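# Observations on the three-dimensional arrangement
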Amino acid sequence: MGSNDIPFLNTGIWNGKLFLSGWNAASAAHEILEPATGSVLTRVGMATPADVAEAAKRARAAQAAWVALPYEQRAAIFRKAAVIIERESEGMTQWIVRETGCIPPKAGVELHMAVGILNEAAGMVTQPSGLVLPSDGGRISLARRVPHGVVGVISPFNFPLILSIRAVAPGLAAGNTVVLKPDPHTPITGGYLIARVFEEAGLPKDCLQVLPGGADVGQAMCADPNIAMISFTGSTAAGRSVGELAGKTLKKVTLELGGKNRLVILDDADVDLAASCAAWGAYLHQGQICMTTGVILAHEKVAKKVTELLTEKANHLPVGDPATQQVALGPLINARQRDRVHSIVQDSIKQGAKLAAGGSYEGNFYKPTVLTGVQPGMRCFEEEVFGPVASVVSFSSEDEAVGLANRTEYGLSLGVISASTSRALALAARIPTGLLHINDQTVADEPHIPFGGRGASGNGGRHGGPANWEEFTQWQWVTIKDSAPRYPF
Ligand code: NAD
């Protein structure tokens, strides 16, 4: 890899290693394959459940000293980390593109968000952390936010940098230490880039441990007595299992899960803009985003035109290796995901959907696909596809649109496109969702917003902005008297 020329990201640093109390050799190594070519990109250590126990113990031991560091020193570490990402963005872009199979602008979004999240974390260190409460007997009564202890972060392969750092940075800023388990497909983007950045920014040893590993490592984190909270981002199926396991040890759990997001296009919408929104929402990063536009509900007056425009776009979007060509779509993460996407498309066609574009693949490259005449009950209507598939459903009244929008257990992101914002807002008020975009598609995030879903999209927890205090700290009630009182006993 070219970025071996960049000392900051030289593969020798992490080859066969874990970031467990610094860079140390692992008992097993794991080759990371490039999704576009199938060739070996790099080699990392693979953690075991025993490594989790060791990392959690060390992280717990480091927490008291971390939180006791002067606030200026802690804030400076986050600011320096942000500067390092800006300085190293060229090399990091190469790693993100090749490891996640994304186009360079998506890597740019990850880096830009990471910088924003780190700067927010720097600010969090000096934000007020409590309230003064009225109390009896002249005592001082405070409610203050205190860290949980050790936060375990488990993240997925699709936007690995953002989805790891959005929990790592505020978790640390709130005074916790962190054990991070990136997805085994993306341990560099989701883990080791962050380890390198914090290492150079001067984060004290053991405050962050990074353990690439599979589900067994995630499960060990959920059960570990030294880990007080789990921040999980991934599929709903794995999230249910994480919730169950962490519940046994009564950990706090934040679950950010899957989505089947609706884009509702009303009859007064500008069809050109609506089709552009639909294409962006459905195809960005090959549809491998929790907020991907999973179902396009178009009023029957505009559905035909929107489908035509969308089909034209799908047929013209270039697909290929984003590391070597200028393309709009790169590969899916692996052949298993590609086969799953293809089976959903094929089954939906058998169930009566019409294929207007795409529906085929070469290697891990799946063509942007348009399915029309989609109905409830078809797989492409019911399931999160995690591939570049736009499913168009036509409706004839707002009541029908609301009914169709609500036929899902997910509730992450909703877009409504209409010439009337009040009409769009009134319709959206009837559809439960964590994120709502009037006159936009469903994919959006910013460093300081409370991000999260409802229903099968999450357990109500949020990442970002004010939500970070709710997630990464808990209330402590403190009373202070001049001297101890005498009681009747
Ligand atoms: P996944 O659930 O298979 O894996 C996610 C992470 O969980 C990985 O690190 C994995 O190793 C780990 N894991 C898997 N099973 C586990 C278990 N039983 N216990 C503990 N850890 C376990 O998800 P994925 O396929 O990598 O990612 C795609 C999914 O993530 C999609 O459903 C997508 O919608 C969702 N996602 C949600 C958000 C959000 O913020 N809501 C963001 C991105 C992705």
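So, here's what we can say about the structure. (Residues numbered from 1 in each chain as written. Predicted model: local features only at pLDDT ≥ 70, side-chain atom pairs only at ≥ 80, totals over all residues. Heavy atoms only, no water.)

Now for the pairing of strand S10 (residues 229–233). Burial runs high along S10: 5 of the 5 residues are buried. Neither face of S10 is open: one carries Met 229, Ser 231 and Thr 233, the other Ile 230 and Phe 232, and all of them are buried. Relative to S10, strand S7 (residues 150–154) is paired through 4 bridges, and the arrangement is parallel. Bridge assignment links Ile 154 to a residue of S10, and that residue is Phe 232. The sheet contact formed by S10 and strand S11 (residues 252–256) spans 5 bridges and is parallel. (Buried < 20%, exposed > 50% of the residue type's maximum accessible area, 1.4 Å probe, protein only. Helix = DSSP H or I, 4+ residues; strand = E, 2+ residues; numbered from the N terminus. Pairing = 2+ DSSP bridges.)

A few words on the sheet that holds strand S17 (residues 369–372). Two modes of strand pairing occur in sheets, parallel and antiparallel, and in both the strands are linked by backbone hydrogen bonds. Strand order across the open sheet formed by 7 strands is S14-S17-S18-S13-S12-S20-S21, with mixed pairing between neighbours. If you trace the sheet from one side to the other, it starts and ends with strand S14 (354–357) and strand S21 (435–438), each paired once. This sheet shows a mean twist of 20° between the axes of neighbouring strands, independent of strand direction. Of the strand pairs in this sheet, S14 and S17 are connected by 3 bridges, and their pairing is antiparallel. Along S17, the bridge assignment pairs Leu 355 with Leu 371. Each of strand S12 (261–265), strand S13 (293–299), S14, S17 and strand S18 (389–395) is contacted by helix H10 (residues 300–316), which is oriented at about 140° to S13, the strand it contacts most. (Axes fitted to C-alpha atoms, helices over the stretch in contact; angles between N-to-C directions. Contact = heavy atoms within 4.5 Å.)

What follows deals with the site of the ligand. Around the ligand there are 30 residues in total, and Ser 155, Lys 181, Ser 235, Leu 257 and Glu 384 lie nearest to it. In the model, a nitrogen atom of the ligand is placed 2.8 Å from a nitrogen or oxygen of the Leu 257 main chain. Out of a free accessible area of 840 Å², the ligand has 89% covered by protein chains. Of all elements in the fold, only helix H5 (160–173), helix H7 (215–223), S10 and helix H8 (236–248) reach the threshold of two or more residues within the shell around the ligand. Along the lines of polarity and charge, the residues of the shell around the ligand split into 14 nonpolar, 11 polar and 5 charged. Shared between two domains, the shell around the ligand holds at least three residues of each, these being domain 1 (3–257 + 458–477) and domain 2 (261–438). (Near = heavy atom within 4 Å. Polar contact = N/O pair within 3.5 Å; in protein donor to acceptor, adjacent residues only side chain to side chain. Areas by Shrake-Rupley, 256 points an atom, 1.4 Å probe, with all protein chains shown as cover. Nonpolar A, V, L, I, M, F, W, Y, C, P; charged D, E, K, R; others polar. Domains from an automatic or database assignment.)

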